[in-house]
Amino acid sequence: MANRHFGMTEYWINRAKRWQPRMTFRGEGPEAWKAWREEALAKLLELLGEFPEPVDLAAEIEYAVPDGELIRERVVFDSEEFASVPCIVLRPKDMRANRANAAIICCNGHPVSLGKDPVAGVRSEPEHDEAIARMNYNYGEQLAKAGFLTIMPELRGFGERNDTFGRRDACDINYIKGSILGLYPQTLNVWDIKRCVDYLETREEVDPGRIGMMGLSYGGTMTALTAAVEPRIKAADVSGYINSFRGFGLERGNFCGSQVFPEVFKYFDTHDIAGLIAPRPLLVEMAIYDDCFRIEDLLKGYEGVKRIYEAAGAEDRLDSDVFPGPHAFAGNKAFDFFKTYL
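Residues numbered from 1 in each chain as written. Predicted model: local features only at pLDDT ≥ 70, side-chain atom pairs only at ≥ 80, totals over all residues. Heavy atoms only, no water.

If you had to explain empty space enclosed by the protein to someone new, which residues and values would you point to?
Applying the stated rule across the entire model yields one cavity of 30 Å³ or more. Put simply, the largest cavity is a space of about 70 Å³. Here the lining of the largest cavity takes three residues from helix 7 (residues 218–229), the largest share from any one element. Here the residues of the lining of the largest cavity sort into eight nonpolar, three polar and no charged. (1 Å grid on protein atoms, 1.4 Å probe; cavity = no way out; pocket = protein on both sides within 12 Å on 5 of 7 lines; lining within 4 Å. Points joined across faces, edges and corners; volume = space filled by probe spheres on them. Helix = DSSP H or I, 4+ residues; strand = E, 2+ residues; numbered from the N terminus. Nonpolar A, V, L, I, M, F, W, Y, C, P; charged D, E, K, R; others polar.)

Rendered as structure tokens:
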């Protein structure tokens, strides 16, 4: 009898076994890296599709209140027509408005219901406390206490920008809606972060040449992808993300419509995207008990990034933080990393 195959899960696993993205980096040395980087960046931007047209930011600080050793602000700006971005901005009370301070964009992960709030140290709900305790999730608050201005934008479909009325598949619904228009939540979220950079450049406290970015899980996805295509991000910390689409995506389905765009794995794996950050500084955090992204996959992903940084002659600007913990922000090296490079 012929060997029949009915299920889609096994189909994707079999297709992935020997899959090699067409533009994954295979070269050695600076000339190969330069040629690859030029071609790969152009292709990645092509896959993301057109970014929206910018509009005036019309930024408003809706409130600025003391909160312990910090000033906590709610900021709203417009990123494009029909899209406004609510943010939490944190800064030390004694930060001077002298255009000399570093700023860090801190992106959240899932679940969509929590959004940016726990990253900024908001503890108004038991779910915030649980997320902070489980994932060391208030890294925006921690970095502000370490002396940085931090901004936590609400990503599309998350937190107060989730208007799917409690549906668990909010990311997928938005992906499907956008795809029939040729628009993708991932691309639109990258655009909103680019507009965050525009906004930070207007802040009297911030040196526009000292802007970094970091995030855990989907925040790591956002950091890797945005830093790859946005050169104004001078240093990046990707926590719990860089591992092959083969494992977490095609084999285990551990992703959603906010994390992908068409044909991405046809051309790139996640280490290639992160490698496009080179030669700028990059810190990669990997937890050995991560139940979202397996440590063996994370370590292989890091090796792919390392090959690219070595070819670029920038291996001294790449570092890793492998730690005995769950899917969480490590924080062992991040503070010194940003103090060194921003």
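Picking up where we left off.
Explain the nonpolar core residue by residue, including any values.
Counting 77 residues, the largest nonpolar core has Leu44, Ile105 and Leu282 as its most contacted members. Contact partners of Leu282, with chain neighbours within four places excluded, come to Ala236, Val238, Ala274, Ile277, Val305, Tyr309, Arg317, Leu318, Asp319 and Phe337. Within the second largest apolar cluster, 30 residues are counted, among which are Ala120, Val122, Ala144 and Leu216. (Core = buried A, V, L, I, M, F, W, Y, C linked by side-chain atoms within 4.5 Å. Buried < 20%, exposed > 50% of the residue type's maximum accessible area, 1.4 Å probe, protein only. Contact = heavy atoms within 4.5 Å.)

Please provide a residue-by-residue account of the sheet that holds strand 9 (residues 318–323), values included.
In a beta sheet, neighbouring strands pair by backbone hydrogen bonds and run either parallel or antiparallel. The sheet built from nine strands is open, its strands ordered 1-2-3-5-4-6-7-8-9 with mixed pairing. Of all strands in the sheet, those bounded by a partner on one side alone are strand 1 (60–67) and strand 9. Ignoring strand direction, the axes of neighbouring strands in this sheet form an average angle of 20°. Of the strand pairs in this sheet, strand 1 and strand 2 (residues 70–80) are connected by seven bridges, and their pairing is antiparallel. Looking across to strand 2, one finds that Ile61 is bridged to Val75. (Pairing = 2+ DSSP bridges. Axes fitted to C-alpha atoms, helices over the stretch in contact; angles between N-to-C directions.)

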